[in-house]
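Structure assessment
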Amino acid sequence: MKQGRRMLLLLLLMLLCAGSKDCMAAKKPELSSRQYLLQMGNSVRLRLKGDRAIQWKTSNPAVATVQNGKINANSCGTAWITCTGKNKKTYSCLVRVVGQKKTEEKQTYRVAHRGYSSKAPENTMASFLRAADKGYQYIECDIQFTKDNVPVILHDAQVDRTSNGHGRADKYTYAQLRKLDAGSWKSSKYAGEKIPSLQEVLRYCVQRDVIPYLELKNGSGLTKAKFRKVYKMVQESGLQNRVVWISFNFQYLKWVKEMDPVAEIGYIPKSESVEAMVQKAEKLKSGKNRVFLCIKRAKVSAKILELCKQKGIGVSVRNINSEKNWKGLDAYCMSAIGNGF
């Protein structure tokens, strides 16, 4: 009797696998692509292979919409397209939309380092306003904390270089910090510029449709609890699917990945070997996010570019302070960070 049941089960399995020589080695479900670069106005078809798609979503409908797997590129920026399969698992694809294609257009987008800092005082609203007026869609800025734990936009731990104050920022309350003049050191016409809060800059980014590159600074006293506060501010602003996080501190970026598995993350290496920096970047991958290395222009080599291409790691280039530098970058480079050019 038992042997008869075994034979029956074996027969049923053989029938299920009939016509498919490799049914036992079926591939796991996956999207037909993990990443797209689209021109504004174009569309592409994304498919879920190995399972039936039951739901499609976009993180940013202003940038890209999706219906039954068809992605339409609406405006410049980035969006995550997610698909839920019949197996109830979710799969993601990153879509980056750039401007209308022109033969003279450079697809590597520009990031204003501390705003348009070549002409305006760095990390001030004047600098960010000038960057947006000059057509920058991305601004880079740095986060420090006050004595009363308010995140503010300031590069140095000390306020001396870029204000008329003295000492560490975390020795001032936010109210005290706001009394400092953060513009006169650059030019008298910027006298009275304030050190902005992160909240103020996030509101501005929403108003001007600008994407922030937020650097989590070494020496800022950042803790996991403080990072949660920063991330909550980003969430409440509605920018959590648009903000780009960068840091020299690998641990800080691990917190970003843990808090938000789809967040875009950029690791800024110091004096590591090419292999070591790429390995670190790989560890920041969640399977749903985009990870890149943020490297000085003088340090970008053919070896770095080739290894990053092989491993699916992006490359962002720092110290790009002229249009000549920008246009001379390898086409693989996703962004150019400079002080305004």
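Each remark here, short or long, concerns the structure printed above.
Note that the structure is predicted; figures quoted are calculated from it, not measured.

In this section: the pairing of strand 6 (residues 64-67). Side-chain alternation along strand 6 places Ala64 and Val66 on a buried face and Thr65 and Gln67 on a face that remains uncovered. The hairpin turn running from strand 6 into strand 7 (residues 70-73), its antiparallel successor, is two residues long, and Asn68 in that turn takes a positive phi close to 55°.

Moving on: the sheet that holds strand 6. Spatial ordering of the open sheet is given by 3-7-6, a layout of three strands whose pairing is antiparallel. This sheet does not close on itself; its edge strands, each paired only once, are strand 3 (43-45) and strand 6. Across the sheet, the axes of successive neighbouring strands diverge by a mean angle of 20°, strand direction being ignored. Note that strand 3 and strand 7 share three bridges and pair antiparallel. The residue of strand 7 that forms the bridge with Val44 is Ile71.

Turning our attention to the packing of aromatic side chains. Under the counting rule described, the total for this entry stands at 11 aromatic pairs. Taking the centre distance of 6.1 Å and the plane angle of 50° together, the rings of Tyr213 and Phe292 count as tilted. A residue pair is termed long-range when its members are at least 10 positions apart, and Tyr213 in strand 13 (residues 211-216) and Phe292 in strand 16 (residues 291-296) qualify at 79 residues. When the ring of Tyr231 is compared with that of Trp245, the centres are 6.3 Å apart and the planes differ by 35°; the resulting orientation is tilted. Linking Tyr231 in helix 5 (residues 224-237) with Trp245 in strand 14 (residues 244-247), this pair joins segments that are 14 residues apart in sequence. Among the aromatic residues, ring-to-ring pairing joins Tyr109, Tyr138, Tyr213 and Phe292 into one connected group. Note that Arg110 overlies the ring of Tyr136, its terminal NZ or CZ placed 4.2 Å from the centroid. Over the ring of Trp326 we find Arg110; its NZ or CZ atom is 5.4 Å from the centre of that ring.

For the rest of this paragraph, the subject is helix 7 (residues 274-283). Within the span of helix 7, buried status applies to Val274, Met277, Val278 and Ala281. All buried residues of helix 7 project into a common sector of 95° when viewed along the axis, lining one side. Where the residues of helix 7 are buried, they touch strand 15 (264-267), strand 16 and helix 8 (302-311).

For the rest of this paragraph, the subject is the environment of Leu129. Examined against the element boundaries, Leu129 turns out to sit in helix 2 (residues 125-133). As a C-alpha pair, Leu129 and Ile139 span 10 residues in sequence and 10.0 Å in three-dimensional space. Once residues within four sequence positions are removed from consideration, Leu129 is found in contact with Tyr204 and Arg208.

Cut-off values and rules
Residues numbered from 1 in each chain as written. Predicted model: local features only at pLDDT ≥ 70, side-chain atom pairs only at ≥ 80, totals over all residues. Heavy atoms only, no water. Buried < 20%, exposed > 50% of the residue type's maximum accessible area, 1.4 Å probe, protein only. Helix = DSSP H or I, 4+ residues; strand = E, 2+ residues; numbered from the N terminus. Pairing = 2+ DSSP bridges. Axes fitted to C-alpha atoms, helices over the stretch in contact; angles between N-to-C directions. Phe/Tyr/Trp six-rings, centres within 6.5 Å; stacked < 30°, edge-to-face > 60°. Lys NZ or Arg CZ within 6 Å of the ring centre and 35° of its normal. Arc of directions from axis to C-beta. Contact = heavy atoms within 4.5 Å.

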